[in-house]
Structures are given as structure tokens and as C-alpha cells.
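Fold and contact review
Listed below, chain by chain, are the residues.
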Amino acid sequence: MIRVKTEEEIELMREPNRIVGDCLKFVGERIKAGMTTKEVDTLVYEFIKASGAEPSCLGYCGYPASACVSVNEVVVHGIPDGRVIENGDIVSVDLCAYKNGFHGDGARTFCIGEVSEEKKKLVRVAEECFFKAIEGLRAGTPLYDIGYRVQQHAEGNGFSVIRAYTGHGIGREMHEDPSVLNYGKRGTGVRLPANAVLCIEPMIAAGGYRVRVARDGWTAITVDGKSAAHYENTLVIREDGVEILTL
Ligand code: MF3
Ligand code: CO
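Quick look at the structure, then.

Criteria and cut-off values
- Residue numbers run consecutively from 1 along every chain, following the written order of its sequence.
- Chains carry letters from A onward and ligands carry numbers from 1 onward, assigned in written order.
- Reporting of local features is limited, given that this is a predicted model, to residues whose pLDDT is at least 70; pairs of side-chain atoms are given and counted only at 80 or more, and all residues count toward the totals for whole chains, interfaces and linings.
- To obtain the side-chain values, all non-hydrogen atoms of the structure were included, while hydrogens and water were left out.
- Donor criterion used throughout: N, O or S atom within 2.8 Å of the metal, extended to 3.2 Å for Na, K and Ca. Water excluded; incomplete-looking sites may result.
- Helix and strand assignments follow DSSP, with helices taken as H or I runs no shorter than four residues and strands as E runs no shorter than two, numbered in order from the N terminus.
- Think of it in three bands: residues with accessible area under 20% of the maximum for their type are buried, residues over 50% are exposed, and the middle band is partly exposed, with areas taken using a 1.4 Å probe on protein chains only.
- Strand pairing follows a simple DSSP-based rule, namely that at least 2 bridges must link the two strands.
- Helix axes are fitted to C-alpha atoms over the stretch in contact, other axes to C-alpha atoms as well, and angles between N-to-C directions run from 0 to 180 degrees.
- The aromatic pairing rule takes the rings of Phe, Tyr and Trp, using the six-membered ring of Trp, and pairs them if the centres are within 6.5 Å, calling planes under 30 degrees apart stacked, those over 60 edge-to-face and the rest tilted.

A look at the coordination of the cobalt ion (ligand 2)
Bound to the cobalt ion (ligand 2) on the protein side are Asp-105 (OD), His-168 (NE2), Glu-201 (OE) and Glu-232 (OE), at distances that span 2.0 to 2.5 Å. The sequence motif formed by the donor residues of the cobalt ion (ligand 2) is D-x62-H-x32-E-x30-E. Of this pair, Asp-105 sits in strand S5 (residues 102-111) while Glu-232 is found in the loop between strand S13 (228-230) and strand S14 (233-238), placing the two residues 127 residues apart along the sequence. No difference in accessibility class separates Asp-105 from Glu-232, as the two residues are buried.

In C-alpha cells, the structure reads:
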């Protein structure tokens, strides 16, 4: 069941989401070759704490960090550790903040130094998939139109869409209904109600879409070892369009 938010609740959701957007920007200005993924996580932890919020990921289902830092072939849920970020890597940073009783959630993929043309395109297309997905999106749009648009754009550019992970509703819980698939059939699914708050998060891969989870129980890696990119914002469905809370 989609938990539609009141205007008062949406007001309360602005702050955690603004913190997520600002934190992603903050990380983007600092991430560079030579840093470890753990150092990225520390930046995120300090920023969220200094903003008076809590890092929602820390301790979520036993997750041990404030951010997911996923390098190259890691699709999502990369646990920050001693891995050194190198020139030519693409690094996705996914984070959530909790404040005012609500969560915010967002992700970006950053290019580190000189990145191959293919990886650059992958990162660009992941972001474009998000913006394609929200074109014309408003109250009454069938849910799977989102996935249809993501899939069209990703596959049209020669990339594949990750199936094993999805976007989601968000609010007092980090994950609420509905699941927001990144593939699907146009014109199907529930018609989205006004004031639904969703995380739309295309995850696309340069090779095949199959993923395996590492022995740590979290780190999702492409089976073929090719790179993946991730881009996510939290937004409100409105009568006449969407309102993005993390930009
Ligand atoms: N931010 C992720 C999402 O989009 C959640 C990460 S799982 C966690 O759903 F364990 F790290 F919290
Ligand atoms: Co999310």
C-alpha cells in the first residue's frame, strides 16, 4: 500500500532530503584517486551528523556504514573498506539521512580522473535514465511507465538494466511501497497518486544485468565484471509533475 504524504509530512521530508542532496554534492567535490572507500564513508558520516541528522544506512539490517560506496563492477551496496579509489574508476555513492521522523535517499556516480569513454557514457546514461523517467511523470501515471522509460533509454544506448534491485517509496521508513522497477511494460501498474514520495534509481550496466552478492552478504557485483552506474533522487508525485527533494 502506497503511503501518500500530507503537505505537513512533505514539509518535514524536505530537510533530510536536502541534507542528502548537499552531502552528495559535498562528496563529489572531494572524492579523488588515492582515497579509500572508507574515507568517503567518513565524509558522509561527518556531514550528516554535522547537519543534525542520522545516517539511516548505519545499522540498517546490520549494514555497517553510513554510505554505500560501489566502485566499477560493484553495482550497489559496496561496503566501505580499505579499497583505494583509482584514476579511471567510477564510484557510486548512495546515502540516506533521517531527520524530522523521515528519511531522504539519493545516489550519484562520480568519474575519477581520466575515465574511459564507455564508463563516461555509462555514468551519463544512468543520470539521463532518471530524467527520462520523470518526463511527463505526474499523478495518474502508471507505475511501470517509469521502468519502461529507464529501460528504453538504457538499452537504446547499448546498456542493460539491473533487475535485482529497485527503487521504492520512502517516508517514515526507508523502504515503503511501491517497488519502482527499472524495466517494465508501458501503461501497466498502479496509477501513482499525488503526494506519493518515491526514490527513482536507475542502476545500469555496461555488460549483462546479472549480479551476484559477495560473501559479506551486501556487495552486489556484476557477474561479468563489467562496470555499473547508479543515479537516484527522492521526489514527490504532484498533480502537474514531480518535485525533486534531493537536488
Ligand atoms: N540507499 C539504498 C536504497 O536506495 C539503501 C541502502 S541499503 C543500506 O535503497 F543497508 F545501506 F541501507
Ligand atoms: Co533508494
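Once you've had a look at it, read on.
Focus on the sheet that holds S14
Pairing is antiparallel in the open sheet, where 5 strands are placed in the order S8-S7-S9-S14-S15. Both edges of this open sheet fall to strand S8 (176-180) and strand S15 (241-244), since each of them pairs with a single strand only. On average, each strand axis in the sheet is inclined to that of its neighbour by 30°, with strand direction left out of account. Bridge analysis of strand S7 (residues 167-169) against S8 gives 3 bridges, and the strand direction is antiparallel. Each bridged residue has a counterpart across the sheet, and for Gly-167 the counterpart in S8 is Val-180.

Remarks on the packing of aromatic side chains
Counted according to the given criterion, the structure contains 5 aromatic pairs. Arranged with centres 4.9 Å apart and planes meeting at 45°, the rings of Phe-26 and Phe-47 form a pair that is tilted. Placement of Phe-26 in helix H1 (residues 7-30) and of Phe-47 in helix H2 (residues 37-50) is noted, with a sequence separation of 21 residues between them. A relative accessible area of 21% places Phe-26 in the partly exposed class. For Phe-47, a relative accessible area of 18% translates into the label buried.

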